[in-house]
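Summary of the model geometry
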Amino acid sequence: SRVEYLNYAVLDDHGWDLDDDDLFGKAAAGDLDHEDYGEFLVEPHESLLEAAENRGFMWPFACRGGACANCAVIVKEGELSMPVNNILPPEMIDQDIRLSCNGIPVTDEMQVLYNVKHLPELEELRL
Ligand code: FES
């Protein structure tokens, strides 16, 4: 799968909105650092987090076991499996929040915002 990624932390800097349909278009045109925006391929045996790490990126994580949500991402396009989830309530899953530590892309193309652990509702969850 080909994954286009964007660091949630840069949205504030640019005044971009999470719900903007053209968010990734703006990011592509935004002259961002490679660590904040770009794309990579995920091999079939890799979780999304592992794929990012294997390509030299440092995405947030802690437990690697579906229990902390530090690795959370928002899926804007495509779908990420989530075999182990012991933290996200159904309403967050409805908002397309997923865990990258064990999630595996199930579509050929994906757009994900990583580093979303700072979303207010996720901060609250981790208290
Ligand atoms: Fe803890 Fe993914 S690293 S849930």
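Predicted model only: the values in this text are computed from it and were never measured.

1. Digging into a negative patch on the surface
A cluster of like negative charges, contributed by Asp-17, Asp-19, Asp-21 and Asp-22, occupies part of the molecular surface. As for its placement among the helices and strands, Asp-19 is situated in the loop between α1 (9-14) and α2 (23-28). Under the relative-accessibility criterion, Asp-19 is labelled exposed at 62%.

2. Digging into the pattern of salt bridges
Applying the stated criterion to the full structure yields six salt bridges. A salt bridge links Lys-26 to Asp-20; the nearest nitrogen and oxygen atoms lie 2.4 Å apart. According to the relative accessible area criterion, Asp-20 is buried, its value standing at 19%. With its nearest N and O atoms 3.1 Å apart, the salt bridge here joins Glu-46 to Arg-55. A single network of salt bridges, built from pairs that share partners, joins Arg-2, Glu-39 and Glu-109.

3. As for the sheet that holds strand β1 (residues 2-7)
Pairing is mixed across the open sheet formed by five strands, whose spatial order is β2-β1-β5-β3-β4. The open sheet terminates on both sides in strands that have one partner only, identified here as β2 (37-41) and β4 (97-99). Across the sheet, the mean angle separating the axes of adjacent strands is 35° when strand polarity is ignored. Where β1 meets β2, five bridges bridge the pair, whose relative direction is antiparallel. Each residue of the ladder has a partner; that of Leu-6, found in β2, is Tyr-37.

Rules behind the numbers
- Residues numbered from 1 in each chain as written.
- Predicted model: local features only at pLDDT ≥ 70, side-chain atom pairs only at ≥ 80, totals over all residues.
- Heavy atoms only, no water.
- Patch = residues over 30% accessible without salt bridge, like charges linked within 9 Å, V, L, I, M, F, W, Y side chains within 5 Å.
- Areas by Shrake-Rupley, 256 points an atom, 1.4 Å probe, with all protein chains shown as cover.
- Salt bridge = Lys/Arg side-chain N within 4 Å of Asp/Glu carboxyl O.
- Lys, Arg positive; Asp, Glu negative; His and termini not counted.
- Charge placed at Lys NZ, Arg CZ, Asp CG, Glu CD.
- Helix = DSSP H or I, 4+ residues; strand = E, 2+ residues; numbered from the N terminus.
- Buried < 20%, exposed > 50% of the residue type's maximum accessible area, 1.4 Å probe, protein only.
- Pairing = 2+ DSSP bridges.
- Axes fitted to C-alpha atoms, helices over the stretch in contact; angles between N-to-C directions.

Purely spatial values, then, with no claim about function.
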